[in-house]
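Listed below, chain by chain, are the residues.
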Amino acid sequence: MSTYSIPSFVMVVVTFYVGLYHLYIYFRRHFSHREDLTFSLCCFTMSLYGVFCVGMYNAHTLETGVAFQRGQVATLTLIGATFICFVVDYLNIRNKLMRNILTPFFIISALIVFLNKSHFILKLDIPSIKHVLLPFGKSVVYYEVAPGFFVDILSFLGVTVFVYAFFVSIQKWQSGEKSKAKAMIGATCIFCVGLLNDVSVHFGFYNSLYVIEYGYMGIVLLMATSLSNEVVESAIRKEALEESEKKYRELVDNSLVGIFIVKHDHVQFCNQRFAEIFGYETAEQAREKLWGDFIAEKDREAVLEEMSLPGPDGKEQKQLEFQGQDKCGSIIDIQSFFGYIVQKNGPAIQGTLIDITARKGAERRLKQTADELKRYTLELEQFVTVTTHHLQEPLRSISSYVQLLAKRYQNDLDDKAGEFIRYAVDGVERMYQLINDFLIYTRVGKPWQAKRRFSMITLVKRVVGQLSSVIQKNQAEISVTELPYVFGEETKLELLLKNLIINSIIHNGSDRPVVRIFAENDNGLWKIGVQDNGQGIAPEYHRLIFGMFQKLDKGTPGTGTGIGLSICKKIIEQHDGQIWVESEEGKGATFFFTLLDAVPLAEQE
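The notes below deal with the structure included here. Please read all numbers here as calculations on a predicted model, not as lab measurements.

Below, the discussion takes up the sheet that holds strand β7 (residues 318-325). Taken in spatial order, the 5 strands of this open sheet run β6-β5-β9-β8-β7, and their pairing is antiparallel. Among the strands making up the open sheet, the edge pair consists of β6 (266-270) and β7. Taking the axes of each pair of neighbouring strands and ignoring which way they run, one obtains an average angle of 35° across the sheet. Where strand β5 (residues 258-263) and β6 come together, 4 bridges link them in antiparallel fashion. Following the sheet pairing, Ile-261 is matched in β6 by Phe-269. The sheet strands contacting helix α10 (residues 297-307) are β5, β7, β8 (331-343) and β9 (346-355), and the helix crosses β7 at an angle near 150°.

Below, the structure written as structure tokens:
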């Protein structure tokens, strides 16, 4: 072998080795990447072309050179067939019409070139012996003949393949797949340089060889690098996917809820928690069992029917509570959320479930306790009503008889006896008022009327009218500022205002009580105040006075029963508000209460 055929021999070795490597990669990747297979075939045909180039450079007669020339033309045709297949697979081109037409045409044409000896392929009577200069002053004689018409057509179609590869690469670049497109564009540009060199040598414009061989080697190495990068990236993606699957598997296996997939009435998949809920040691024991086996018999038909009916769009999420049964047949309460998914071989149900047996038991016990409490409350209310009614009757009798005794024997009794009689009558009246207030307190917990929107200023005017005798008797002055519309039980809030206004008057301590009623908007809540000019309340009593029977002036007659403010507190709590007092001794007191969901100041009556 002459020294000037060494570059072609290097091309043979390089392309053949790269082809073998990618054929190995194709098998290693379990036949999943066709581009490795078509690239390896392309490398083998280029290697075969290099073999014929070596023979051509070592030929010393026209007959030998023509034989190798025929081999070159045939293998170039096969390069066109394998390269277009590689382009379609590598760039993942959906439209495979060009490949389907040219590939069989090139294969058949290669056979024709090998078998047909006519001038249609090679013009054997027209020698085209070239004396080509090589680098460093060397030269080689190239023995060949002029190509025939069919070979010219094949050359044109071969160029067409690379032009096609260039334009589809441009389209891939524009669609965002720049990595693959860049490699393919580089390969087509290398081919164009080699083609220009071949044409110039053929027509005698430029006497240099090896450029086409170097071009093919460049294409092979460039595409091999690109494919190797694909392999590496694929391996990285696979590793990342495996890591993601591992995390997902751990998340599913360690989940606190049961996860399942049901298909064709069988549990296709479930996690460990699902198995534990139904008494199985491992998830594998629960898989592939009938879904109905996990549902109690009384609920089985209804649950299976409900879970077999997807929503109108098939994406509806559903919730079910039913009784299930574990491996031993014990009944457990289940809450499940599920939806519908589409798999390759049909639709399936995917969902989660939790064991709510303990919660259901607690709910049943809570309901039982609530029912018992409701019954006890009703009995207590009846007892209070009956008791207060029966207590009032003897009190009336005592009061009547004491007053009758005082009237009949007033001339026979001294002043001391008259005072005792007044004490007795006053005690009976306070006891009577105490019973009435206690009865009102027990009834405040129930709704008296439907809540509605009403004018607070109208309510205050009505209350002031009802208390006109108390106001006149104590020479009190009532001032009212602009008040809002509120939402609540008007009758209860009327009772609230009565108690607060009466307290401000009878506990005032001054000769002329002054009571001011006003409202403030506090971050969307109405804060309504009842302010007096009385003797005030020490801070240590601010919370105490809202308790039952808590009076600061217990020995003073006519000062109430100590239940009024407790009633007020209960009414405000039913309206989701708060009530409190702000006061200092000797500086009067202001009782505030808030009303939630109050309507901002609007139309006033």
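Topologically, Asp-326 is positioned in the loop between β7 and β8. Buried charge without a salt bridge: Asp-326, with Lys-327 as the nearest opposite-charge side chain at an N-O distance of 9.8 Å. Here the side chain of Asp-326 touches Cys-328 through a polar contact of 3.1 Å, landing on its backbone nitrogen. In this view, Asp-326 contacts Ile-277, Phe-278 and Gly-279; residues no more than four positions away in its chain are not counted.

Before going further, it helps to spend a moment on helix α15 (residues 490-506). Taking 1.5 Å of rise per residue, 17 residues should cover 24 Å, and α15 covers 24 Å from first to last C-alpha, within 8% of that figure. Burial analysis of α15 places 13 of its 17 residues in the buried class, the great majority of the element.

On to the pattern of salt bridges. Evaluation of the coordinates by the stated rule reveals 19 salt bridges. Taking the shortest distance from any N to any O, the salt bridge between Arg-359 and Glu-321 comes out at 3.2 Å. Note that Arg-359 is positioned in helix α11 (residues 357-408) and Glu-321 in strand β7, a separation of 38 residues in sequence. Judged by its relative accessible area of 35%, Arg-359 falls in the partly exposed class. For Glu-321, a relative accessible area of 39% gives the class partly exposed. The residue Lys-360 makes a salt bridge to Glu-363 at a minimum N-O spacing of 3.8 Å. One end of the pair is Lys-360 and the other is Glu-363, both in helix α11 and 3 residues apart, which spans about a single turn. Each of the salt bridges in this network shares a partner with another, and the network as a whole consists of Arg-452, Arg-462, Glu-490, Glu-494 and Lys-498.

About the criteria used
- Along each chain, the written sequence defines residue order, and numbers are assigned to residues from 1.
- The predicted nature of this model means local features are confined to residues of pLDDT at least 70 and side-chain atom pairs, given and counted, to a pLDDT of 80 or more, with totals for whole chains, interfaces and linings taken over all residues.
- Side-chain numbers come from the whole structure's heavy atoms, not from hydrogens or water.
- Pairing between two strands is assigned when DSSP locates at least 2 bridges connecting them.
- Counting from the N terminus, the helices are the DSSP runs of H or I reaching at least four residues and the strands are the DSSP runs of E reaching at least two.
- Only the contacting stretch of a helix is used when fitting its axis, a line to C-alpha atoms as for every element, and angles between N-to-C directions run 0 to 180 degrees.
- Any pair of residues with heavy atoms lying within 4.5 Å of one another is described as a contacting pair.
- To sort residues, take the accessible area from a 1.4 Å probe on protein chains only and compare it with the maximum for the residue type: under 20% means buried, over 50% means exposed, and anything in between is partly exposed.
- When charges are counted, Lys and Arg are positive and Asp and Glu negative, with His and the chain ends excluded.
- The working definition used for a salt bridge is a side-chain nitrogen of Lys or Arg within 4 Å of a carboxyl oxygen of Asp or Glu.
- N or O atoms within 3.5 Å of each other form a polar contact, as long as, within protein, one can give a hydrogen and the other can take it, and as long as residues adjacent in sequence are counted only when both atoms are side-chain atoms.
- Each residue after the first adds 1.5 Å to the expected span of a helix.

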